[in-house]
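Examination of the molecular architecture
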Amino acid sequence: MKHLSLSWSALTLGLALSIPGSAWSADPVLGTTKFSQRCAACHSVASTASVDRGRNSPAMIQNAIATVGAMSSLSSLSSTDLEDIAAYLGNAPSSLSFSQTTVGQTGSAQVVTVRASRIAALTSLSASVSGDYVLQGGTCGATLAAGSSCTIGVAFAPAAAGSRSGSLSISHSGLSTAVPIGLSGTGAAAAQATVALDASALAFGNQAVGVASSARTVTVSNTGAAGLSFSSIGVSGAAAADFATSGSCAVGTAVAAGATCSVSVRFTPAATGSRAATLTLASNASNGSASVALSGTGQAAATPAVSLSPAALAFGSVAVGSSATAQSVTLLNSGTGPLNLQSVQASGPFTASHACGSSLAVAASCSISVVFTPTGAGAATGSLSVASDASGSPHAVPLSGTGVLAGTGILQWSDSGPLDFGSVAVGADASPQTLTLSNTGTASATLSTLTLAGANAADFRIDTASTCAVGQALAAGANCGLTLGFSPSAAGARAATLTLATDNASAPEVLALGGTGSIAAAPALVLSATALNFVAPVGGSADAQPLTLANPGTADLHVSALTLGSARFALSSPASQGCGTAPFTLAPGASCTVELQWLGAPGDAAETTALSVLSEVQPAAVVELQGEGAAAQASNTGGGGCTLGAGTDAVDPTLLALALAAAALAWRRRRAL
């Protein structure tokens, strides 16, 4: 067999698969035995160009047996034997097929067994893969002893879905070219989670500031094929702090495929107006983060408020043991929320009754009736107290009255006060106000004193038109009139009290008096200058000068005339901001300008006059005016002088002769040097 045209290498590979079934139908192990029995004696380790012939090709070996005489003894080999030998020479199957594997994962390895013949060892043994395949496991090193074997493991690690191909390349010292083994497999798309929400926005509407809303819930579904894991669940945006979350969705708690969890949100506005934020759920979902727009409007908290009118009740004098006519206090809910009443009661010799119920709606009102029943003679005080859930509770109305014994005079004013004269200019008289003093008792009452007192008592007076007088006896059932006047001596609030005393009757309550002094509106006049000087230069006339008139007062200023004491001074009004021709009016805070000019010429003697501004402001405003002409400069054009007059071409002959003599003297001195 030495003459075989194919010089077979005694270094060959056999194949063994780690999974049932082989991609090559022949048996390389049996092929090893057949080769050793029938062919090894004719083959040496030396390689030739044809060393690789016959690998995986029974037909090529059959052709060599038929055409090479030295190989005729092999004609008894069956086709199966030839296939086994071809497999042995071919080292491995032509391809390996891998089961479907999920993208991103690595499948089970398949093992290729490398066998060395018993004749010689293998060296430079190596393997490499291409495509989505990796070398995994195996026992082969760089050398393999004669008659031994080792394994090379290959695994499928698809990087994408679909059909994925590659190759395993094995080389060693017994081969002239590497053995390629085709690799194929199918990548399956990785199972992924998918997030879905049942709402993309939550609108909470109007909500009182500082008050939490009811919870609104978003259902989160995992519609994918893998577990859904959250990396963060949070609220962001300008008003993020106004929204609080809770619920079963949580970081670190996976949601199985097809399962759901929930996120609940409450809105507690920190301020009034529109409030907005965004709820974001970041996860491993294939469709990215999910978000929900959050919005609401903060409104001022609805709160009740109590208003009681009038602010006080005065019952006057009432006989001991009897009750005064009932007086009413109106209770109004002036707030923005329902008013819940807790109690309504009066103290002292006063009683209260009402039909207000336990609550009042917004803007609703009810009446509280108060009765005074004195238990003894003299002044009595108390209060009507309303307790509720409104701020400032309890709210009170002062109550007063005087108990008198039967058979006495009872004096009462027709107005319980305070008596207000309003705003009156300082030094002016307010319209007088008249009060009626009545004796409601059963006996005559004598007026002992009428006294004005207080910080500003001098601003108030008892007018002579009064019919009530000190020492007067007022019969039971009779009345008289007391007329009061007000003349403020200074600006601002002015106050006093009026007290009537009696020795034999019940006196009325002290009467409070009030009014306000105001400053009358008046114009004012301010000028930008009190004196102006005009100078007419040589060859020209004096420049015009502006004068500004301003009214810093609080009423219109009426300028009736602008008068000049000399005809050599002129007055005009500029086109812009000019005062115009008198008479004219300047509003409070306004100003305007006039222009003044002196009509004298250069060289004119100085003269003075005045501008008078006539208006209701006294005395009249005066501006001192002065004009003068500048003197002309002297010139000398005659002999013997030393001056050249300005503006003339004439030259003094004496000056010229002196200049020439000086020049000649200077020239001689230079030559002498």
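Quick caveat, the model's predicted, so the values are computed rather than measured. (Residues numbered from 1 in each chain as written. Predicted model: local features only at pLDDT ≥ 70, side-chain atom pairs only at ≥ 80, totals over all residues. Heavy atoms only, no water.)

Across its full length, the protein chain carries 4 helices and 45 strands. Among the 673 residues that make up the protein chain, the fraction classed as buried is 36%. Counted over contacts in the protein chain with a minimum sequence separation of 6, partners at least 24 positions apart contribute 71%. (Helix = DSSP H or I, 4+ residues; strand = E, 2+ residues; numbered from the N terminus. Buried < 20%, exposed > 50% of the residue type's maximum accessible area, 1.4 Å probe, protein only. Contact = heavy atoms within 4.5 Å.)

A regular strand places its side chains on the two faces of the sheet in alternate fashion. In the sheet, strand β37 (residues 526–527) pairs with strand β39 (residues 545–550) via 2 bridges, with the strands oriented antiparallel. Across the sheet, the residue bridging to Leu 527 is Leu 549, located in β39. Here β39 runs beside strand β43 (residues 591–598); their pairing, made up of 6 bridges, is antiparallel. By the bridge assignment, Leu 549 is partnered in β43 with Cys 592. (Pairing = 2+ DSSP bridges.)

The next thing to look at is the confidence of the model for the protein chain. The predicted model of the protein chain has a mean per-residue pLDDT of 85, with 85% of residues at 70 or higher. In this model residues 637–651 is a low-confidence stretch, pLDDT under 50, and it forms 24 contacts with partners more than four residues away in sequence or in other chains. (pLDDT = per-residue confidence, 0-100.)

Computed from the structure, the largest pocket encloses a volume of approximately 180 Å³. Taken together, 15 residues form the lining of the largest pocket, with Gly 316, Gln 412, Trp 413, Ser 416 and Glu 509 sitting closest to its centre. Only β18 (313–319) and β26 (409–413) provide two or more residues apiece to the lining of the largest pocket. The element that contributes the greatest number of residues to the lining of the largest pocket is β18, accounting for 4 residues. Within the lining of the largest pocket, the residues separate by chemical class into 8 nonpolar, 5 polar and 2 charged. (1 Å grid on protein atoms, 1.4 Å probe; cavity = no way out; pocket = protein on both sides within 12 Å on 5 of 7 lines; lining within 4 Å. Points joined across faces, edges and corners; volume = space filled by probe spheres on them. Nonpolar A, V, L, I, M, F, W, Y, C, P; charged D, E, K, R; others polar.)

What follows deals with the sheet that holds strand β25 (residues 395–404). The 5 strands are arranged β18-β25-β24-β20-β22 in an open sheet whose pairing can be described as mixed. Bordering the open sheet on either side are β18 and β22 (359–360), each of which pairs with just one other strand. Here β18 pairs with β25 via 5 bridges, running parallel. If you follow Ala 314 over to β25, its bridge partner there is Ser 400.

In total, this model carries 13 aromatic pairs according to the counting rule given. Between Phe 204 and Phe 267, the aromatic rings sit 5.7 Å apart at their centres with planes inclined by 45 degrees, giving tilted as the arrangement. Here Phe 204 is found in strand β10 (residues 201–208), whereas its partner Phe 267 is found in strand β14 (residues 260–267), with 63 residues between them in sequence. The class for Phe 204 is buried, based on a relative accessible area of 11%. (Phe/Tyr/Trp six-rings, centres within 6.5 Å; stacked < 30°, edge-to-face > 60°.)

Before going further, it helps to examine unusual backbone geometry. Cis geometry is found at the peptide bond from Ser 309 to Pro 310, where omega equals 0 degrees. Of note, Pro 310 is situated in the loop between β17 (306–309) and β18. Between Ser 393 and Pro 394 the backbone carries a cis peptide bond, its omega angle lying at 0 degrees. Examined against the element boundaries, Pro 394 turns out to sit in the loop between β24 (378–388) and β25.

On the basis of which strands lie adjacent, the open sheet formed by 4 strands has the order β37-β39-β43-β41 and antiparallel pairing. One side of each edge strand has no neighbouring strand; the edge strands of this open sheet are β37 and β41 (569–572).

Inspection of the secondary structure puts Ser 169 in strand β7 (residues 162–171). Not counting the four nearest positions on each side in its chain, Ser 169 is found in contact with Ser 126, Ala 127, Ser 128, Ala 178 and Val 179.

Per the counting criterion, the structure on display carries 5 disulfides. A sulfur-sulfur separation of 1.9 Å characterises the disulfide bridge that pairs Cys 356 with Cys 366. Here the S-S torsion is close to 95 degrees, and the disulfide linking Cys 356 with Cys 366 is therefore right-handed. In this pair, Cys 356 sits in the loop between β21 (350–354) and β22 while Cys 366 sits in strand β23 (residues 365–372), placing the two residues 10 residues apart along the sequence. In this model, Cys 579 is linked to Cys 592 through a disulfide, with the two sulfur atoms separated by 1.9 Å. Taking the torsion about the sulfur-sulfur bond, which here is approximately 95 degrees, the covalent link between Cys 579 and Cys 592 counts as right-handed. You can see Cys 579 sitting in the loop between β41 and β42 (584–586) and its partner Cys 592 sitting in strand β43, a full 13 residues away along the chain. In terms of burial, Cys 579 and Cys 592 fall into one category: buried. (Disulfide = S-S within 2.5 Å.)

Here the idea is simple: oppositely charged side chains can pair when their charged atoms come close. One pass over the structure, following the stated rule, counts 6 salt bridges. Between Arg 568 and Glu 607 there is a salt bridge, with the nearest N and O atoms lying 2.3 Å from each other. Residue Arg 568 is found in the loop between β40 (557–564) and β41, and its partner Glu 607 is found in strand β44 (residues 607–615); the two are separated by 39 residues along the sequence. One connected set of salt bridges, linked through shared partners, spans Arg 568, Asp 604 and Glu 607. (Salt bridge = Lys/Arg side-chain N within 4 Å of Asp/Glu carboxyl O.)

This part is about the environment of Leu 611. Looking at the element boundaries, Leu 611 is found in strand β44. With sequence-adjacent residues up to four places away left out, Leu 611 is seen in contact with Leu 547, Leu 562, Thr 563, Leu 564, Leu 596, Ala 621, Val 622, Val 623 and Leu 625.

Once that is clear, we can look at the side chain of Thr 101. Relative to the helices and strands, Thr 101 resides in strand β2 (residues 101–102). Residue class for Thr 101 comes out buried when judged on its relative accessible area of 6%. At 3.1 Å, the side chain of Thr 101 forms a polar contact with the backbone oxygen of Ser 99. (Polar contact = N/O pair within 3.5 Å; in protein donor to acceptor, adjacent residues only side chain to side chain.)

Tracing the backbone through its elements, the reader meets Ser 615 in strand β44. Residue Ser 615 is classed as buried on the basis of its relative accessible area of 8%. At 3.2 Å, the side chain of Ser 615 forms a polar contact with the backbone nitrogen of Val 617. For Ser 615, the contacting residues outside a window of four places in its chain are Leu 525, Leu 557, His 558, Val 559 and Ser 560.

A few words on helix α2 (residues 58–67). The set of residues buried in α2 consists of Ile 61, Ala 64 and Ile 65. One face of α2 carries all of its buried residues, which in axial projection span an arc of 100 degrees. In α2, the exposed residues that point more than 90 degrees away from the buried face are Ala 59, Ala 66 and Thr 67. (Arc of directions from axis to C-beta.)

With respect to the helices and strands, the residue Ala 212 is situated in the loop between β10 and β11 (216–222). Taking the C-alpha atoms as reference, Ala 212 lies 4.3 Å from Thr 268; in sequence the two are 56 residues apart. In this view, Ala 212 contacts Gln 207, Phe 267 and Thr 268; residues no more than four positions away in its chain are not counted.

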